[in-house]
Amino acid sequence: MTYTEIAREVGMDRTKVKPWIDRYENREPGTPVSEVLKTLPKNHCREIPLEAYQWVKDLVAAHDCKTILEATDLVHREAEAAGYPRLANASYSKIRAILKSE
């Protein structure tokens, strides 16, 4: 499959497909795919860790936020203290994407 076909299949931007394929192909022998997916490539330092996604969802649920804007404000206030400094200035659309992710 081409990168475009893979991107369409998995619902990802085409430009992000190659780094993931490279990571899969360059993994240590015997490393399960699930372990490859848990770690981000070194050149993606601006990405938010996977455990932060769950933290955002739990925080928003605990405070019963009614809107994405309310959730974004809450995350901005609490992120630094929780150890997720990148979330302290995450965009509205990033928080929305986190909340809609599975």
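Here the structure is shown first, and the text comes after it.
Residues numbered from 1 in each chain as written. Predicted model: local features only at pLDDT ≥ 70, side-chain atom pairs only at ≥ 80, totals over all residues. Heavy atoms only, no water.

In this section: the pattern of salt bridges. Applying the stated criterion to the full structure yields two salt bridges. When the shortest N-O distance is used, the salt bridge between lysine 18 and aspartate 22 registers 2.8 Å. Taken together, the residues span about one helical turn, with lysine 18 and aspartate 22 both in helix α2 (residues 14-25) at a distance of four residues. A relative accessible area of 24% places aspartate 22 in the partly exposed class. Put simply, lysine 66 and aspartate 64 hold a salt bridge, and the shortest N to O gap is 2.6 Å. You can call lysine 66 exposed: its relative accessible area is 62%. Residue aspartate 64 is classed as partly exposed on the basis of its relative accessible area, which comes to 47%. (Salt bridge = Lys/Arg side-chain N within 4 Å of Asp/Glu carboxyl O. Helix = DSSP H or I, 4+ residues; strand = E, 2+ residues; numbered from the N terminus. Buried < 20%, exposed > 50% of the residue type's maximum accessible area, 1.4 Å probe, protein only.)

Below, the discussion takes up the packing of helix α4 (residues 50-62) against helix α5 (residues 68-82). Packing of α4 against α5 brings their axes to within 10 Å, and their N-to-C directions diverge by 120°. Here α5 runs oblique to α4, going by the angle between their axes. In the packing of α4 onto α5, the handedness of the crossing is right-handed. Within the contact between the two elements, α4 uses Trp55, Val56, Leu59 and Val60 and α5 uses Ala71, Leu74, Val75, Glu78, Ala79 and Ala82. (Axes fitted to C-alpha atoms, helices over the stretch in contact; angles between N-to-C directions. Parallel < 35°, antiparallel > 145°, perpendicular 65-115°, else oblique. Left-handed = near helix turned anticlockwise from the far one by under 90°. Contact = heavy atoms within 4.5 Å.)

With respect to the helices, strands and loops of the structure, threonine 72 is situated in helix α5. Other than its neighbours up to four places away in sequence, threonine 72 contacts Ala90, Tyr92 and Ile95.

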